[in-house]
Amino acid sequence: MLTLALATLRTRWSAFAGSFLALSLGVALTGVMGLVLASSLDAPQPQPERFAAAPVVVQGADTFPVATGRGPKTGRLDRPHPLPPELIGQLRQLGPVTEDRAFPVRARGGPADLVGHPWSTAPFARYELQQGRAPLADDEAVATGSWAAPGQRLETDRGTVRIVGTVRGLGFEHAVFYTDARAAQLAPRSERVVVDAAAERVREVVRQSERAQVLTGDDRRLADADPDRDGQALMALNALFGTAGGVTAFVSVFVVASTFSFAVAQRRREFGLLRTAGATPRQLRRMVNAEAAAVGVLASATGCLLAAHAAPRLASWTVRERLAPAWFALGEHTWPYHLAFWTGLSTALLGAAAASWRAGRTAPVQALREASVDSRVMTPGRWAAGGALLLTALVTLLLALADDPGDLLHRKTYMTRPLLLITACALLTPLLVRPLARLLAWLPSRLPGALGMLVRESAAAGVRRTAAVAAPVLVTVALAGSLLGTTATINAAKAEELRTRTLADFIVTPPAGGLPDEQLRRLRELPGAVVSPSAAGTVYAVEDGIAPVRSEVRAAEPSLLAATVRLPLVAGDLRDLDDDSIVVNQEWQQHTVGARVPVWLPDGTPRTLRIAAVLRTGTGGNGAYVTPRNAVGAPVDRIDVRGGSLAALRAAAPSAEVSTRAQWLRAAAPDTKRTTRLGLLLTLGIALLYSAVAVANTLVMAARDRLPDLAALRLAGATKPQLLRLVTGETLLVVAIGTTAGLLTTGLNLAGLGAALALLGLPALPVVPWAALGAVAAACTVIALPAALIPAARALRHGATAA
């Protein structure tokens, strides 16, 4: 049977070309993603940046203990504690001490992430003057990079300064350096200092303080701004390629299984002849499996070669697109190649398993079969698999709606849950072929001439061929509609939630360092205006007495908050909020009004607060609320104003950004994160590529079966243009069947999401991405038409008798 299998591959190579291409792409993508993931998992330890040349750094503590039933855990502060002046005085007795200050600066024409520092800290990052000199006066500064030049006057929210020098940018920040005295005026709070003394002596002094830590060696990176950003970027990279890899495996198995299934169906007479000649079912199964193994080995080897060439380019692309840190590069790994090769071979064998079983069941009488009508496409195995997946998808959806509707809004859930329903609908596609063919071809079949009727009947009679082409179109359309529609629907729900919650006429956004007290006082004194400042922070609560859970919290005066914000209360009264209470949402384990919950405030202080009110969970943006006294040190980052005028607000707070309600809602409208958007595009690109392979391969394979039909029509008097129009019409109908089935699947997925939003109190209509769906359908059509017309045109060139 091995010799026969090799001969079959040689003579019927076109029947296996699609499987070979799909497997090669799948193995290549698996290898590339495995190499990227392996390189991210053994990434080198990030090195210090701002304090790379500092001997010892003393920083305010940024963690605090959280008591749980299993011992103390650790909570993290939004920003480190300021260093006590007496501690800094003790450190000065050990050696020279340089106080560091970091504060945001908004400059006209400057970078958006500009940050200010005292000039004395520049040598610790190894900054060196390239042009000009160091700042000497309060109105002088030195800038990093080439965005500013010596002699330039720079207008900032900290006043106008003259650039007197520049230093080479080091890539991790855009900075402007002031004199030490001016930096101390702009940022009185000092969170870290550099001490030129022995580390052990510094530790002895700091050991007496509970609100400071000593950083040396690689630990100095913890004093950099956002020291976890590289780790977070690598986690996002892992999630991106992990999701793409999962979709690759799903679509690859589906395409290979469909290709082998269709190839076996085409060879019914061939298998029947072999059975008549004495071949046993086991021998037929071994032959099909041998074909799959041969294709799998060749395709896996080809895919590994492609991965070796593509992986370095992909790594460079992730760095260019800022999906990975600038230092990220591929390491020396061999296990991703082994994983990709054996995964590809296993996929080929799994994809052929059902086909080989079906080939073994072929009876000798199949050799006499001449009918082209598919009478039994849905096998018991397909019924069982499709029905089980459909039932599982519906049951898991209902359980999620009954238990935790908010879980359906999480990225991991809405990226994976639709795959169950899409797979089920793809397996059950033959059931939809005849009803959809008659529905979509109802009008064309009633037009003058026989073309519309022939298109409808041909598609409905060749159920297996129609389903084999429609299924990959269904998968691609349903993936695009479900993933893009889900993100668009969630964003629309969040935008509506934000619009409903905002009662203020104007929103004042202070600079990142907070609004000066004088400007805040002038805002409060505006006649006829209700001014409600609020600060953002985090609190920790312990669930089940075990795990500390971090929650977003806003601090505001309750009476002013009630006048400017409409909170979605489900219990309690916002007016009951005081310094001894907290407002929580339904996600908190304890959310009964009047109950007391132990929490750790934004500065790490433990408190036990009474629940004054409970908010609806919504889309996840309804956090907790406390009074300003329970969020000491949290800077005001938003001021809601009812009444007043735009001009008066801008005059009272010139350093802040003042927006009307409509302007602020447009700017704050939720949008899909860049990493998520790239992940979706990558996933859909892979799905479309596989759909192209499956559609083109199936149509080319089916061309030989169509020859007798075309010959009969040609002998009956049909012209070549008429037959080509028939093939075109049938191809368009098949793509339309797949697109319609994909739209129905998308509708089911989005209906589940709409039900979840309704249960969360957000009756938002699902958003269908019509433009994307139209583009996918058009792409499938562009792929399908040449794959169907070119073989038909070549066959008609030889005449009806030859066909």
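Above this text you will find the structure in question.
1. Side note on the overall build of the chain
Assigned secondary structure in the chain consists of 22 helices and 23 strands. Its C-alpha atoms give the chain principal-axis dimensions of about 100 × 60 × 55 Å. Counting all 803 residues of the chain, 48% fall into the buried class. Long-range pairs, those at least 24 residues apart, make up 80% of the contacts in the chain between residues at least 6 apart in sequence.

2. Examining unusual backbone geometry
Phi is positive for arginine 126, which is not a glycine, with a value near 65°. As for its placement among the helices and strands, arginine 126 is situated in the loop between strand S6 (114–118) and strand S7 (129–132). Given a relative accessible area of 52%, arginine 126 falls into the exposed group.

3. Observations regarding the sheet that holds strand S1 (residues 56–60)
If you walk across this open sheet you meet the 4 strands as S4-S12-S1-S13, and the pairing is antiparallel. The strands lining the two open edges of the sheet, one partner per strand, are strand S4 (97–100) and strand S13 (212–215). The mean inter-strand angle of the sheet, taken between neighbouring strand axes irrespective of direction, is 25°. Pairing of S1 with S13, which is carried by 4 bridges, proceeds in the antiparallel orientation. Note on S13: the bridge partner recorded for valine 57 is leucine 215. Helix H3 (residues 85–92) rests against S1, S4, strand S12 (192–195) and S13 of the sheet, and its axis sits at about 150° to S4.

4. Some details on the pattern of salt bridges
By the definition in use, this model includes 27 salt bridges. Arginine 79 is the salt-bridge partner of glutamate 191, the closest N and O atoms lying 2.8 Å from each other. In this pair, glutamate 191 is assigned in the loop between helix H4 (180–186) and S12 and arginine 79 in the loop between strand S3 (71–76) and H3, connecting sequence segments 112 residues apart. Judged by its relative accessible area of 36%, arginine 79 falls in the partly exposed class. Put simply, glutamate 525 and arginine 521 hold a salt bridge, and the shortest N to O gap is 2.8 Å. Judged by relative accessible area, arginine 521 falls into the partly exposed class, the value being 36%. Counted as one network, the salt bridges with shared partners bring together Arg50, Arg79, Asp100, Arg189, Glu191 and Arg192.

5. A short note on the side chain of threonine 476
Mapped onto the secondary structure, threonine 476 falls in helix H15 (residues 463–501). For threonine 476, the residues in contact, after removing those within four places along its chain, are Ala687, Leu688, Ser691 and Val776.

6. Observations regarding the packing of aromatic side chains
On inspection of all chains with the given rule, the structure shows 6 aromatic pairs. Measuring from centroid to centroid gives 5.8 Å for phenylalanine 103 and tyrosine 178, while their planes differ by 40°, and the two rings are tilted. One end of the pair, phenylalanine 103, is in strand S5 (residues 103–104); the other, tyrosine 178, is in strand S11 (residues 174–178), with 75 residues separating them in the sequence. Neither residue differs from the other here; phenylalanine 103 and tyrosine 178 are each classed as buried. Between phenylalanine 341 and tryptophan 342, the aromatic rings sit 5.1 Å apart at their centres with planes inclined by 85°, giving edge-to-face as the arrangement. By way of ring pairs, the aromatic residues Trp119, Tyr127, Phe172 and Phe177 are connected into one cluster.

Reading the values: rules and limits
Residues numbered from 1 in each chain as written. Predicted model: local features only at pLDDT ≥ 70, side-chain atom pairs only at ≥ 80, totals over all residues. Heavy atoms only, no water. Helix = DSSP H or I, 4+ residues; strand = E, 2+ residues; numbered from the N terminus. Buried < 20%, exposed > 50% of the residue type's maximum accessible area, 1.4 Å probe, protein only. Contact = heavy atoms within 4.5 Å. Pairing = 2+ DSSP bridges. Axes fitted to C-alpha atoms, helices over the stretch in contact; angles between N-to-C directions. Salt bridge = Lys/Arg side-chain N within 4 Å of Asp/Glu carboxyl O. Phe/Tyr/Trp six-rings, centres within 6.5 Å; stacked < 30°, edge-to-face > 60°.

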